[in-house]
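Observations on the three-dimensional arrangement
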Amino acid sequence: MLTATAQTLHIPPLSGPLLDAYLDEAEALFEASEEDESGADGQGESEEAGHARRMQALADMLGLQPLQPGSLDVLHRVHQLWMQAGQPAQALQAIDSHAAALVDDLPAAERHQAQVHAGFARTQALRALPEQAALLHQALDGMARLLAQPPLDQQSDRAWEHLSGQAERSKDYGVWRRCAQARHALQVVQPGRTAYRAWDEAVLATRLAEVAAAEGDAKQAQQLVQQAMDQLRNAAPGQDVDHEDWLKLGEQFVVLDPTSIDTIVQQIRARMPAELSRPLQRDVSVRRARLQARALQRQGRLDEALVKARQGRFGLTGDQEDSFSIFVLDLLIEAGRLDDAAQLAFESASSQRPGSTQHACTVALAQMKAHLARGATPHPGWHLALASAAMNDAGCVEDPEDPAAFMDHHLAQVRSAVPEHPALACLDGLRLFAAGEHARALPLLETAAREPAMAAPDLLQALWVSRVKVHGVTKALQRPFAASPAASWCYNLGVWLDFNLQQACGASDDGNWPEQDIDALKARYYEAAVVHFDAFFATGEGWFRDGDVHVYSMLCNNLAIYYRWNLKEYDKAIELHHKGLATSPFAEHHNGLVSCYSASERKAELIAAADQLWHYALDHGYGRHDPTDYFKRVCRALYELDRDNEIDIWLQRLDEWWNGLDRDDQAENEDDYLGALLVMLRNLAWSQPADALARLEQVMPRVLANALPGVRRVAGNVYENTKQYERAMALYQESLKMVRPGDESDAEQAGYARDDIASCKKAMAAGKPWWKLW
């Protein structure tokens, strides 16, 4: 762990707070140098050379003097810094020198977990030392024995999974297989998993098939895949096996045995629920087509694979990145469809899709070199892919070339070959827009926007801002509607118009911004998005951004809000909320239905929707859940439908919500809680006066301590509805005394209080004997 100088001088070891500070400094210096490549030492060097320089500087600093960690946390910091410095041997020495003693110092109950963490740190270092392969395999075997020490119900699936990954990368097939079996054993002993036994057995067989395939035993791998499929296909009654299980394991099945695809497709179709909504059916069909394309490619049936690839190349909610486009791009290259590959590379790069953008750049650079080597002219799509990536700083520009010059070079090649290519207007317009030259950018952006493939959100955003900058917002909104062909593009543009256009245009918030007209434009894009989505769900034909069912659900919610709030078209809003719930449910849809039914006075449906909202929030969570808002409306509807006996249920739910808040949240929500409770008691008082009064008496001290006049007034309503008129009058009069001059809300409450006083006097007069005149 020491440099020769440190060893010679016998420098005392750093420990305690001094070591903590030293490690903080080492981390800060390394991170700072990583972020700042403009220093004198880094000028003109490649990325690789700069990284090597930073690693050496960190190693030099760590080696200045001995390090004596006093805890496992500090030891892991030292280990990780040595690994960052590219010194795995020093990282290993740190673990071997200190871990055992530090573990022994811990309470017995903490030692096993600490040994596991230290053991994984050790195998990480050994994996970076190729000459220590034998020692690594010993360490992996030791980790397997360590993880198996506790009883099954106390073992960690996450730890076994981590060891499995290390064994796979280290080609330790024995440990890898033991990990698969250990993870299966953990599943079997879990209570309540009896319905998933077929799935667990299929997963085990699949993992063992992966080990066999890695060992080179293709026949054994195929047999295990068949075994896994048999577990799912022949699952006993009561086993929870559905189409999603086949989709999930199908990705591994087709890699291990491409001929399994026919069985997979058959089972997916057979197990799809009949009630699955059309958007979710299309999501399944896209994922199924992806499996078919991958299986056909592995069988060498490239033309058939490309047909399925076209059906599968849509962005879905579950995609973490655009990995399927990477597969399709490589498939097109393999099939010799270079022009189509160039178009796809440009599409991926210009849309800045995670994963496929960088791959498109890599393939484009390789194709450029291959074409130049044989004296051929590259397809313009390769040039456009590289130019788009350079403009978007996608990291494909080869050092030390300037990105602007790189982009100019590739655009010049396109201009020479296809002077009228619509992408030229798009990229030139976007670059001028970024430079603030809106008047010069606008005609180019207008031209590009007429080409559907160019009408993506970045271009249309630039177009609308430039229109406003050049023509003013009023005339800009009179310009022709700039359509976009893709569902998610339309949705994204609608959201951007709603939240970003005014700021992007630099417009002041002086009341002159045409909010209603912008809302109408936003809604037009939302409506277009619904049309595009629904068309794709019905036909399977569309654009890449037409397949994301969660975006569709968010779109339905946003457009429903517009219909409800701006247009009072409640039936349209309700239909959209139901579409969203059938596709990708979230709480805002339930909340929106409550608002729609409330605003349209559909009382029975309001109560049902509120009940669904309450249960959904309980089961799934809802950060903006506010029972004090809609419980009042529910209880009013129950009263008006002569269902007063159900108000008790909602009072119990209000208590459940309130008791689940911590003290800070209760303090923040005190006014709303009291207001809701009193309104609910007011509706309960007509049919259950004794119960209403009992609940009211419990909170009267809080009512009298509250500063809001409305709280006293509604408490008075409860007394009035239970015929305790004197107490009601007293609270009404007190509420009038609490009104703050100039406060609009208090003034409104004062009006209600005066009406309540008049009503109460009338009721009191009606209740007097005929002979009592005063």
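Residues numbered from 1 in each chain as written. Predicted model: local features only at pLDDT ≥ 70, side-chain atom pairs only at ≥ 80, totals over all residues. Heavy atoms only, no water.

1. Considerations on the overall build of the protein chain
Scanning the protein chain from terminus to terminus reveals 38 helices and zero strands. By its C-alpha atoms, the protein chain is 115 × 75 × 65 Å across when sized along the principal axes. When the accessible surface of the protein chain is split by element, carbon and sulfur atoms take 50% of a total near 38000 Å². Positive and negative side-chain charges in the protein chain, numbering 74 and 109 respectively, have mean positions lying 6 Å apart. (Helix = DSSP H or I, 4+ residues; strand = E, 2+ residues; numbered from the N terminus. Areas by Shrake-Rupley, 256 points an atom, 1.4 Å probe, with all protein chains shown as cover. Lys, Arg positive; Asp, Glu negative; His and termini not counted. Charge placed at Lys NZ, Arg CZ, Asp CG, Glu CD.)

2. Quick look at the state of the cysteines
Tallied over the full model, the rule gives zero disulfides. The structure places no disulfide on Cys490, whose sulfur is separated from the nearest cysteine sulfur, that of Cys556, by 14 Å. (Disulfide = S-S within 2.5 Å.)

3. Points about helix H28 (residues 549-565)
Helix length check: H28, at 17 residues, gives a terminal C-alpha distance of 24 Å against a target of 24 Å (1.5 Å per residue), a fit within 8%. Here H28 lies mainly inside the structure; twelve of its 17 residues are buried. When we look at burial in H28, the residues that qualify are Val549, Val551, Tyr552, Ser553, Leu555, Cys556, Asn557, Leu559, Ala560, Tyr562, Tyr563 and Arg564. Turning to H28, the residues buried within the fold contact helix H14 (278-298), helix H25 (487-499), helix H27 (515-539), helix H29 (570-583) and helix H30 (587-599). The opening residue of H28, the one whose side-chain oxygen lies 3.1 Å from the backbone nitrogen of His550, is Asp548. (Expected span 1.5 Å × (residues − 1). Buried < 20%, exposed > 50% of the residue type's maximum accessible area, 1.4 Å probe, protein only. Contact = heavy atoms within 4.5 Å. Polar contact = N/O pair within 3.5 Å; in protein donor to acceptor, adjacent residues only side chain to side chain.)

4. Section: the packing of helix H34 (residues 663-684) against helix H36 (residues 709-721)
At their nearest, the axes of H34 and H36 sit 9 Å apart, and the two run at 20° to each other. It follows that H34 is roughly parallel to H36 by the angle criterion. The way H34 lies across H36 gives a crossing that is left-handed. Between H34, through Leu674, Leu678, Val679, Leu681 and Arg682, and H36, the contact on the second element is made entirely by Val711, Arg713, Val714, Ala715, Asn717, Val718 and Asn721. Grouping the amino acids of the contact of H34 with H36 by side-chain chemistry returns eight nonpolar, two polar and two charged. (Axes fitted to C-alpha atoms, helices over the stretch in contact; angles between N-to-C directions. Parallel < 35°, antiparallel > 145°, perpendicular 65-115°, else oblique. Left-handed = near helix turned anticlockwise from the far one by under 90°. Nonpolar A, V, L, I, M, F, W, Y, C, P; charged D, E, K, R; others polar.)

5. Considering the layout of surface pockets
Think of a ball as big as a water molecule: rolled over the atoms, this probe shows where empty space is left. Its volume calculated, the largest pocket comes out at about 1000 Å³. In terms of lining residues, the largest pocket is bounded by 46 residues, among which Arg313, Leu344, Glu347, Gly542 and Phe544 are the most central. Of all the secondary-structure elements, those providing two or more residues to the lining of the largest pocket are H14, helix H15 (302-312), helix H16 (323-334), helix H17 (338-350), helix H19 (380-391) and helix H21 (422-434). Residues that form the lining of the largest pocket fall into these classes: 20 nonpolar, twelve polar and 14 charged. (1 Å grid on protein atoms, 1.4 Å probe; cavity = no way out; pocket = protein on both sides within 12 Å on 5 of 7 lines; lining within 4 Å. Points joined across faces, edges and corners; volume = space filled by probe spheres on them.)

6. Details of the side chain of Asp644
Here Asp644 is to be found in the loop between helix H32 (627-640) and helix H33 (647-659). For the buried residue Asp644, which engages in no salt bridge, the nearest side chain bearing the opposite charge is Arg643, 8.6 Å off. Those residues in contact with Asp644, other than ones at most four positions away along the chain, are Leu638, Tyr639, Asn683, Leu684, Ser687 and Gln688. (Salt bridge = Lys/Arg side-chain N within 4 Å of Asp/Glu carboxyl O.)

7. Thoughts on the pattern of salt bridges
Per the counting criterion, the structure on display carries 42 salt bridges. In this structure, the salt-bridge partner of Asp283 is Arg287, at a minimum N-O distance of 3.2 Å. Placement of the pair is Asp283 and Arg287 together in helix H14, with a separation of four residues, close to one helical turn. Judged by its relative accessible area of 11%, Asp283 falls in the buried class. Members of the salt-bridge network, linked through shared partners, are Glu601, Lys603, Arg636 and Glu640.

8. Focus: H32
Taking 1.5 Å per residue, 14 residues should reach 20 Å; H32 reaches 20 Å between its end C-alpha atoms and fits that length. Of all the residues in H32, the buried ones are Pro627, Thr628, Tyr630, Phe631, Val634, Cys635, Ala637 and Leu638. The elements touched by buried residues of H32 are H30, helix H31 (603-620), H33 and H34. A positive backbone phi angle near 60° is found at Asp642, which sits one or two residues after H32.

9. Considering the environment of Lys737
In this fold, Lys737 is placed in helix H37 (residues 725-737). On the basis of relative accessibility, which here comes to 72%, the residue Lys737 falls in the exposed class. In this structure, the C-alpha to C-alpha distance between Lys737 and Tyr630, residues 107 residues apart in sequence, is 29 Å.

10. Quick look at a nonpolar patch on the surface
A contiguous nonpolar surface patch, about 200 Å² in accessible area, is contributed by Leu152, Val188 and Val189. In this fold, Val189 is placed in helix H9 (residues 173-189). Judged by its relative accessible area of 40%, Val189 is partly exposed. (Patch = residues over 30% accessible without salt bridge, like charges linked within 9 Å, V, L, I, M, F, W, Y side chains within 5 Å.)

11. Description of the nonpolar core
One finds Leu460, Trp464, Leu501, Tyr525, Tyr630, Trp650 and Leu696 to be the most contacted residues of the largest nonpolar core, which totals 152 residues. Here Tyr525 is in contact with Leu460, Trp464, Phe481, Ala482, Cys490, Leu493, Gly494 and Leu497, once residues within four sequence places are set aside. Counting residues in each nonpolar core, the second largest holds 51 residues, with Tyr22, Leu81, Ala118 and Ala167 among its members. (Core = buried A, V, L, I, M, F, W, Y, C linked by side-chain atoms within 4.5 Å.)

12. Things to note about the packing of aromatic side chains
A ring pair, where both rings are aromatic, is described by two values, the distance of the centres and the angle of the planes. A complete count under the given rule lists 18 aromatic pairs for this structure. Ring geometry for Phe481 and Tyr525: centres 4.5 Å apart, planes at 40°, overall tilted. Within this pair, whereas Phe481 is found in the loop between helix H24 (473-476) and H25, its partner Tyr525 is found in helix H27, the two being separated by 44 residues in sequence. Overall, the relative accessible area of 23% leaves Phe481 in the partly exposed class. Looking at Tyr525, the relative accessible area reads 0%, which means it is buried. Between Phe533 and Tyr552, the ring centres sit 5.2 Å apart and the planes meet at 70°, which makes this aromatic pair edge-to-face. A residue pair is termed long-range when its members are at least 10 positions apart, and Phe533 in helix H27 and Tyr552 in helix H28 qualify at 19 residues. Accessibility expressed as a relative area gives 0% for Phe533, which makes it buried. Pairwise contacts between aromatic rings join Phe314, Phe533, Phe536, Phe537 and Tyr552 into one cluster. (Phe/Tyr/Trp six-rings, centres within 6.5 Å; stacked < 30°, edge-to-face > 60°.)

13. Remarks on the side chain of Arg564
Position of Arg564 relative to the elements: it lies in helix H28. Buried charge without a partner: Arg564 forms no salt bridge, and the closest opposite charge is Asp629, 8.8 Å away. Sequence-distant contacts of Arg564, defined by excluding residues within four places in its chain, comprise Tyr570, Ala573, Gly592, Ser595 and Cys596.

14. Brief notes about the environment of Arg602
With respect to the element layout, Arg602 can be found in the loop between H30 and H31. C-alpha separation for the pair Arg602 and Tyr563, spaced 39 residues apart in sequence, amounts to 17 Å. Here Arg602 is in contact with Asp571, Ile574 and Tyr597, once residues within four sequence places are set aside.

15. Details of the environment of Asp517
The topology assignment puts Asp517 in helix H27. Looking at Asp517, the relative accessible area reads 47%, which means it is partly exposed. Residues Asp517 and Arg294, 223 residues apart in the sequence, show an inter-C-alpha distance of 48 Å.

16. With respect to the confidence of the model for the protein chain
Overall, the prediction assigns the protein chain a mean pLDDT of 94, with 96% of residues at 70 or greater. Within the model, pLDDT remains below 50 along residues 38-43, and this stretch shows four contacts once partners closer than five positions in the same chain are excluded. When the criterion is pLDDT under 50, residues 770-774 qualifies, and its contacts beyond four places in sequence or with other chains add up to one contact. (pLDDT = per-residue confidence, 0-100.)

17. A closer look at unusual backbone geometry
Residue Gln352 is not a glycine yet carries a positive backbone phi of 55°. For Gln352, the location among the structural elements is in the loop between H17 and helix H18 (356-373). One non-glycine residue, Lys723, lies in positive phi territory at about 70°.

18. Here we look at the packing of helix H12 (residues 243-256) against H14
Remark: H12 packs on H14, axes separated minimally by 9 Å, with the N-to-C direction vectors making an angle of 15°. As judged from the angle between their axes, H12 and H14 are roughly parallel. For the crossing formed where H12 meets H14, the hand is left-handed. Where H12 abuts H14, its residues His243, Glu244, Leu247, Gly250, Glu251, Val254 and Val255 lie against Val284, Arg287, Arg288, Leu291, Arg294, Ala295 and Arg298. The residue inventory of the contact of H12 with H14, partitioned by class, reads six nonpolar, two polar and six charged.

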